[in-house]
Amino acid sequence: MPELAEVEFFRRQWNPGHGQRVLSVETHPRARVFRDTPADAVATALTGRVFRESQAGAKQLLFRFDGPVWLGLHLGMSGELAARSPDYPAGKHDHLVVRTKSAALVFRDPRMFGRVQLQAGETPPPWWTRLAPPILSPAFTVEAVAEFLERRQGAPIKAVLLMQERFPGIGNWMADEILWRAAIHPQQPAGTLRPAAVRGLWRECRRVCRLALATIAGRTEADTPPSLNIRIPDAWLFNHRWRDGGRCPRTGRPLVRAEVGGRTTCWSPARQKRR
DNA sequence: GTGCTTGTTGGCCA
DNA sequence: GTGGCCAACAAGCA
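Everything numeric here is computed off the predicted structure, so don't read it as measured data. For every chain, the first residue of the written sequence is number 1, and numbering continues from 1 onward in sequence order. All chains are assigned letters beginning with A, and all ligands numbers beginning with 1, in the order in which they are written. Confidence filtering applies because this is a predicted model: local features only for residues at pLDDT of at least 70, side-chain atom pairs given and counted only at 80 or more, and all residues used for totals across whole chains, interfaces and linings. Hydrogen atoms and water are omitted, and side-chain values are computed over all heavy atoms in the structure.

## Some points on the protein's contact with DNA strand C
Note on terminology: near, applied to a residue and a molecule or strand, indicates that one of the residue's heavy atoms is within 4 Å of it. Looking at DNA strand C, there are 13 residues lining it, with His93, Pro110, Arg111, Arg151 and Gly154 nearest. For DNA strand C, the fraction of atoms within 4 Å of the protein that belong to sugar or phosphate moieties is 60%. Contact between DNA strand C and Gly154: a phosphate oxygen at 2.7 Å from a main-chain N or O atom of the residue. Gly falls in the polar group here, along with every residue not listed as nonpolar (Ala, Val, Leu, Ile, Met, Phe, Trp, Tyr, Cys, Pro) or charged (Asp, Glu, Lys, Arg). Looking at the surface near DNA strand C residue by residue, the classes come out as 5 nonpolar, 3 polar and 5 charged. Between N or O atoms, a polar contact is any pair within 3.5 Å; within protein, one atom must be a potential hydrogen donor and the other a potential acceptor, and residues adjacent in sequence are included only when both atoms are from side chains.

What follows is the structure, given as structure tokens:
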């Protein structure tokens, strides 16, 4: 599930652990999320450390503990973070539980496409520093987008929007939302967008990121069970895209779903035409 | 049982 | 070497 704003939402779920010492770490050592880093190494590295801060970038999370030791989490398709009471018993899909005096910090991931990474030392891990500049940062320019689209000119624009090396944090639903707002057909080859369309795409990338963060990231867990149930304004494509017979909130015309770039894609033919 | 799923990776091929 | 496509990973849900 998690795309940019949901990742930020989950980052905040571990905030109750800030400034707290790790008393113990529980894992499911054979879970696939530990394919890069053995679970016992994570447990050894974190136990006794104080949790200091966290950051979200693209679809990844980075937690810094005293040492320093860095814990990296990718939430994959179904990863979720939560803070529970200290005596919370780990469930079937709770692959990592970090226990402090006042909270159990839980990483749950039924499908296990997520991953856990570990790094010791003063500097953040290389995979973190290599992340593309955030879409809401000044480094995300129209020129950078135009250049990237030129290089991927043959690929459908929908597939290009999913490439984290330029559009960090964009996932399937955000890509559809952006293209719908920018009135661009998902199948259109990236290299065929006119300069005005590229600028529109750039603008909507930033707008959707801003709106998503404002709408999703700050919610409390109580009114946000699984992220699918987040209440999103009906003016967004989001609320209509998975329903059969869904209609475009702007034109009232029927929406269409089909596979584009290997992913299920929803668009409004009345609004998004190939040019 | 079937057929989906908001992500990423590596292998294949042009 | 680069770009584009696809299967695979795994579990839950309708």
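Don't stop here, the text continues.
## Quick word on the environment of Trp127
The secondary structure listing takes helices from DSSP runs of H or I that are at least 4 residues long and strands from runs of E that are at least 2 residues long, numbered from the N terminus. Within the secondary structure, Trp127 is located in helix α3 (residues 126–129). Whether two residues touch is decided by their heavy atoms; if any such pair falls within 4.5 Å, the residues are in contact. Residue contacts for Trp127: discarding those within four places in its chain leaves Gln60, Leu61, Leu62, Gly72 and Gln117.

## Some words on the confidence of the model for chain A
As a per-residue measure, pLDDT reflects the predictor's confidence and takes values from 0 up to 100. Looking at chain A, pLDDT values average 91 and 95% of them are 70 or higher. Segment residues 222–229: pLDDT under 50, and 7 contacts once partners within four positions in sequence are set aside and those in other chains are kept.

## Some points on the sheet that holds strand β7 (residues 104–108)
One open sheet accounts for 4 strands, arranged β1-β6-β7-β5; its pairing is antiparallel. Unpaired on one side and paired on the other, β1 (24–27) and β5 (80–84) mark the two borders of the sheet. Strand-to-strand twist of the sheet, defined as the mean angle between neighbouring strand axes without regard to direction, takes the value 15°. Strands are treated as partners if at least two bridges between them are detected by DSSP. Pairing analysis gives 5 bridges linking strand β6 (residues 94–99) to β7, with the strands arranged antiparallel. For Asp94, the partnering residue across the bridge sits in β7 and is Arg108. In this analysis an axis means a line fitted to C-alpha atoms, helices contributing only their contacting stretch, and an angle means the value between N-to-C directions, from 0 to 180 degrees.

## A closer look at the packing of aromatic side chains
Whether two aromatic rings pair depends on their centres lying within 6.5 Å, for rings of Phe, Tyr and Trp, where Trp uses its six-membered ring; planes under 30 degrees apart make the pair stacked, over 60 edge-to-face, and the rest tilted. Taken as a whole and judged by the stated rule, the model has 9 aromatic pairs. Taken together, a centroid distance of 6.0 Å and an interplanar angle of 85° make the contact between Trp127 and Trp128 edge-to-face. We call a residue buried when its accessible area falls under 20% of the maximum for its residue type, exposed when it is over 50%, and partly exposed in between, using a 1.4 Å probe and counting protein chains only. Judged by its relative accessible area of 18%, Trp127 is buried. For Trp128, a relative accessible area of 11% puts it in the buried group. The rule for a charge over a ring is simple: NZ of Lys or CZ of Arg within 6 Å of the ring centre, and within 35 degrees of the ring normal. Across from the ring centre of Trp180, 5.6 Å away, lies the NZ or CZ of Arg271, which sits over that ring.

## A word on helix α2 (residues 39–46)
Those residues of α2 that fall on the buried side of the exposure criterion are Ala39, Val42, Ala43, Ala45 and Leu46. For α2, the angular spread of buried residues about the axis comes to 170°, placing them on one side. Exposed residues on α2 whose side chains face more than 90 degrees from its buried face are Asp40 and Thr44. Buried residues belonging to α2 abut β1, β3 (60–65), β4 (69–74), β6 and β8 (115–120). The arc in question is formed by the directions pointing from the helix axis toward the C-beta atoms.

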